Amino acid sequence: MRRLLLCCAASIILHVTAFAWVLDRPLSLGALRTRIEASLNLGVAIRGPKLVILAGSNGPYSHRCAVIGKLVGVPCVNAGIAVGIG
Amino acid sequence: MTLRPTGAAAKRGASAVPEILICNINILTVSQKYSVNHPDEQHFNQPLTIFGVRLLPFMMFHTTAFVCAFLPACLAGFFAIGRLLGPTPALLWLLVASLLFYAQWNPVHLPLLIGSMGANYAIARRLTRSRHRTAWLILGVLLNLGILGWFKYADFLLHVVWPAAPVLGIALPLAISFVTFQQIMFLVDTARDQTGPPGALPYAAFVTFFPHLIAGPIVHPAEVIPQLADPAVARPRLGNLSDGLLIFLLGLGKKLVLADMFGGFADIGFNAAANGISLTFFEAWYATLAYALQIYFDFSAYSDMALGLARMLNIHFPLNFDSPYQATDIAEFWRRWHITLGTFLRNYLYIPLGGNRMGGWRQSGNLAATMLLAGLWHGAAWNFVLWGGLHGAFLIVHRLYRQQFGPLPSRLGQAMTLLTVVVAWVPFRAASFAATQDVLAGMAGLHGITLPRMIVSYLPILALVAEPVSVMPSLGDARTLSMPEASACLLLGWLIVLTLPNLHRMAERSRHWALVASFALSVQAMFFRPHIVPFLYFQF
């Protein structure tokens, strides 16, 4: 029983370590992070009130800031992220 | 709400951005994909409620309510009562716990279960005392088959003879197929044995014993009832507890980590076929291969968990699943897949029909009849009959070939067995004959061969055989990366089933390593999964 409990504990520790330090890296290094940074930088560059679209896949694929910005008369940043990068 | 710049913007010391936000969450898609109540769950689970409040939580072996509440309470109560009051009250506790486990699915069917047990026990008692032993046995068997026939096959048979008949809509009591076979086995054994039935409490505890109540294994009464009637049954044994828990946790991992993952791939393909979408070559093969792995891991997991639970309660169940995809011929496959059902069908159907004692043609007929009934036992639909018929045909061809030419080389035999078994899963899984035809046509390449454009661009030679497309809509999540993802998962799954020993043949050390690999993923899946996927065999 003690060995069994040790295995369970080892499994949890391995899992937490792996996901905290090794496997959860793509967001900070990959295309998603680049996209987020680009949106943030664009937002920072626009002074004053602005419209920011926060969304999932819908954002980039079904909302056009060029259209919405003109309609509402406010500068617009589309910060939608398509997580399914494929 | 503010956005804080990161990366280059942060380095430039840019301030937080004031903004108007449009938060556009695709709620419809999320709820469609991850419904809390899975359709299969709703089919069986009509729980006891008062003023809309559910009295008992939803419990299956892989739910948090079962693992964190029911099982510890059941074990603690069983051993505490056994220690304080003796084995009989402990067995009574086990019986009540098992009935509670059954009732949380659909309490309406609880009286049917109790009534069926009472009637069978009364018949068994009469059977041992009466001079008309055979008549009582026939009555008992007909009673059981009558109950099974009414609840499971009435609608099906009615529509066979009268296709325009209205649907009777009889709710199928959970576990009825398994309970019926257990009780028939009990009656036949009692008639053969002549030692008289056991006590009513061990018998009731045996039939309702929650580790095997819902989906087997179909264990021999003579194997389990003496264990339950043993005065030492309620004495805690650390070895059994530890072994049982290890087997249970490994089964939990198989279900939550492997079976449900492959189920996701299979469902997408087969659901598309059910909706009339033609699957292309790879979509059809990926869905079928994924389903073959799903049912393998799902049923193997259930069998392991049942065996582990029983072991924790000091009851030893026989092996029910023994790496069937490693079988080198179809007859061996059936000695390794759902072993207890195969044993039941052989001992209580195939051999009484004459088995292999009546010559070639009669043996072929017996094989075909046994497998057709095995198919029908899985469900009242022509798809299951076709599946059973296919396996009957495979067994007959195998017998004839072996008689003429001897056995195939083992690798070739294994490959052919695997191919036939995998193809036969198509009618078993598909929603209809039309869907079956569609998937089989896709597997034959009749709906064309497509591949993601990204893959073809890396390997242009593939364009000679496959049409490049943006995405394959019925493969995985229909993304460009879905195919590599599904390929990697399928490769892993098939490597496990074809090359590794099952956990009952593993060394102790390997089992512990398997636990290290799977436990945390099981915990994650159990607590954070979007919905509970029932065991496939629950519907049988």
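Structure report, in brief. The shown structure was predicted, so the numbers you read here are calculated from the model rather than taken from an experiment.

Reading the values: rules and limits
Along each chain, the written sequence defines residue order, and numbers are assigned to residues from 1. Chains carry letters and ligands carry numbers; both start at the beginning, A for chains and 1 for ligands, and go up in the order they are written. The predicted nature of this model means local features are confined to residues of pLDDT at least 70 and side-chain atom pairs, given and counted, to a pLDDT of 80 or more, with totals for whole chains, interfaces and linings taken over all residues. The basis for the side-chain values is all heavy atoms of the structure; hydrogens and waters are excluded. Only DSSP runs of H or I with at least four residues qualify as helices, and only runs of E with at least two residues qualify as strands; both kinds are numbered from the N terminus onward. To sort residues, take the accessible area from a 1.4 Å probe on protein chains only and compare it with the maximum for the residue type: under 20% means buried, over 50% means exposed, and anything in between is partly exposed. Working rule for contacts: check all heavy atoms of both residues, and any pair within 4.5 Å makes them a contact. To measure how exposed things are, a 1.4 Å probe is used in the Shrake-Rupley method; for residues, cover is taken only from the protein chains shown. Here is the rule: rings of Phe, Tyr and Trp (six-membered ring for Trp) pair when centre to centre is within 6.5 Å. Planes less than 30 degrees apart are stacked, more than 60 are edge-to-face, and the remainder are tilted. Placement of a charge over a ring requires the Lys NZ or Arg CZ to be within 6 Å of the ring centre, with the centre-to-atom vector within 35 degrees of the ring normal. Within 3.5 Å is the distance limit for a polar contact, defined as a pair of N or O atoms, with the added protein rule that one can donate a hydrogen and the other accept it, and that residues adjacent in sequence qualify only through two side-chain atoms. Salt bridge, as used here: a side-chain nitrogen of Lys or Arg that lies within 4 Å of a carboxyl oxygen of Asp or Glu. For this analysis, a nonpolar core means a set of buried residues of the types Ala, Val, Leu, Ile, Met, Phe, Trp, Tyr and Cys, connected via side-chain atoms within 4.5 Å. A pair of sulfur atoms, both from cysteines and within 2.5 Å, is called a disulfide here. Pairing between strands is defined by DSSP: at least two bridges between them are needed. A 1.4 Å probe that fits into a set of points on a 1 Å grid over the protein atoms alone but cannot get out defines a cavity; an open set with protein on both sides within 12 Å along at least five of seven lines defines a pocket, and lining residues are those with an atom within 4 Å of a point. Grid points are joined across faces, edges and corners, and a volume is the space filled by probe spheres set on the points. To obtain an axis, a line is fitted to C-alpha atoms, over the contacting stretch when the element is a helix, and the angle between two such axes runs from 0 to 180 degrees between their N-to-C directions. Crossing handedness is defined as follows: a turn of the near helix away from the far one that is anticlockwise and smaller than a right angle gives a left-handed crossing, while the clockwise case is right-handed. In this classification, the charged set is Asp, Glu, Lys and Arg, the nonpolar set is Ala, Val, Leu, Ile, Met, Phe, Trp, Tyr, Cys and Pro, and all remaining amino acids, among them Gly, are polar.

## Some words on the overall build of chain A
Of the regular secondary structure elements, chain A holds five helices and two strands. Sorting the 86 residues of chain A into buried and exposed places 35% on the buried side. Counting only contacts in chain A whose residues sit at least 6 apart along the sequence, the fraction spanning at least 24 positions is 65%. Of the accessible surface of chain A, which amounts to about 5,300 Å², a share of 68% is contributed by carbon and sulfur atoms.

## Some remarks on the packing of aromatic side chains
All names here are of chain B. Under the criterion given, the structure shown has 44 aromatic pairs over all chains. Considering the side-chain rings of Phe 270 and Tyr 291, the 6.0 Å spacing of their centres and the 65° angle between planes classify their relative orientation as edge-to-face. Of this pair, Phe 270 sits in helix 12 (residues 238-274) while Tyr 291 sits in helix 13 (residues 281-312), placing them 21 residues apart in sequence. An identical accessibility class is assigned to Phe 270 and Tyr 291; each is buried. Above the face of the Trp 377 ring, Lys 152 is positioned so that its terminal group lies 5.5 Å from the ring centre.

## Some thoughts on the side chain of B:Lys255
All names here are of chain B. Considering the arrangement of structural elements, one finds Lys 255 in helix 12. Residue Lys 255 is classed as buried on the basis of its relative accessible area, which comes to 0%. Only 2.7 Å separates the side chain of Lys 255 from the side chain of Asp 298, close enough to count as a polar contact.

## Comments concerning unusual backbone geometry
Residue and element names in this part refer to chain B. Unlike most non-glycine residues, Asn 314 shows phi in positive territory, near 70°. Along the chain, Asn 314 turns up in the loop between helix 13 and helix 14 (330-336). Even without glycine at this site, His 338 takes up a positive phi of about 40°. Along the chain, His 338 turns up in the loop between helix 14 and helix 15 (339-350).

## Here's the deal with the side chain of B:Thr436
For B:Thr436, the position within the fold is in helix 19 (residues 433-443). Judged by relative accessible area, B:Thr436 falls into the buried class, the value being 4%.

## A word on the pattern of salt bridges
Residues and elements named next belong to chain B. In this structure the tally under the stated criterion is seven salt bridges over all chains. Lys 255 is the partner of Asp 298 in a salt bridge, and the nearest nitrogen-oxygen pair spans 2.7 Å. Taken together, the residues Asp 298 in helix 13 and Lys 255 in helix 12 connect sequence positions 43 residues apart. Note on accessibility: Asp 298 and Lys 255 belong to one class, buried. One continuous salt-bridge network, built from bridges that share partners, spans Lys 255, Asp 260 and Asp 298.

## Things to note about the nonpolar core
Of all hydrophobic cores here, the largest spans 160 residues; its most connected members are B:Phe61, B:Phe66, B:Ile214, B:Phe248, B:Tyr325, B:Trp337 and B:Trp425. A per-element tally of this core places helix 13 of chain B first, with 18 residues. Setting aside residues up to four positions removed in sequence, B:Phe66 forms contacts with B:Met59, B:Met60, B:Phe61, B:Leu71, B:Pro72, B:Phe101, B:Phe210, B:Phe248 and B:Leu309. A:Ala55, A:Cys65, A:Val74 and A:Cys76 belong to the second-largest nonpolar core, a separate cluster that totals seven residues.

## Some thoughts on the state of the cysteines
By definition, a disulfide links the sulfur atoms of two cysteines through a covalent bond. Residue and element names in this part refer to chain A. Evaluation of the coordinates by the stated rule reveals one disulfide over all chains. Cys 65 shares a disulfide with Cys 76; S-S distance 2.0 Å. Taking the sign of the torsion about the S-S bond as the criterion, the disulfide between Cys 65 and Cys 76, at about -55°, is left-handed. Here Cys 76 lies in strand 2 (residues 76-78) and Cys 65 lies in helix 5 (residues 65-72), a separation of eleven residues in the sequence. Comparing Cys 65 with Cys 76, the two get one shared label, buried.

## Describing the pairing of strand 1 (residues 51-55) of chain A
All names here are of chain A. Where burial is concerned, most of strand 1 is hidden: five out of the five residues are buried. Of the two faces of strand 1, the one holding Leu 51, Ile 53 and Ala 55 and the one holding Val 52 and Leu 54 are both buried throughout. Two strands pair when backbone bridges link them, and strand 1 and strand 2 are joined in this way by three bridges, in the parallel orientation. Considered in strand 2, the bridge of Leu 51 is made with Cys 76.

## Re empty space enclosed by the protein
All names here are of chain B. The final tally for this structure, using the stated rule, is four cavities of 30 Å³ or more. Put simply, the largest cavity is a space of about 120 Å³. Around the largest cavity, the lining is made up of 14 residues, and of these Leu 112, Ser 116, Ile 147, Ile 176 and Val 179 lie nearest the centre. Put simply, the parts of the chain that give the lining of the largest cavity at least two residues each are helix 6 (110-129), helix 7 (133-161) and helix 8 (176-193). Here the lining of the largest cavity gets four residues from one element, more than from any other, and that element is helix 8.

## Here we look at the packing of helix 13 of chain B against helix 19 of chain B
Between two packed helices, both the angle of their axes relative to each other and the distance between the axes serve to describe the pair. Residue and element names in this part refer to chain B. Between helix 13 and helix 19, whose axes approach to 7 Å, the crossing angle comes to 115°. Two packed elements cross with a definite hand, and for helix 13 against helix 19 that hand is left-handed. Residue-level inspection shows Phe 281, Ala 284, Trp 285 and Thr 288 of helix 13 in contact with helix 19, the latter providing Val 439, Gly 442 and Met 443. The residue makeup of the contact of helix 13 with helix 19, split by class, is five nonpolar, two polar and no charged.

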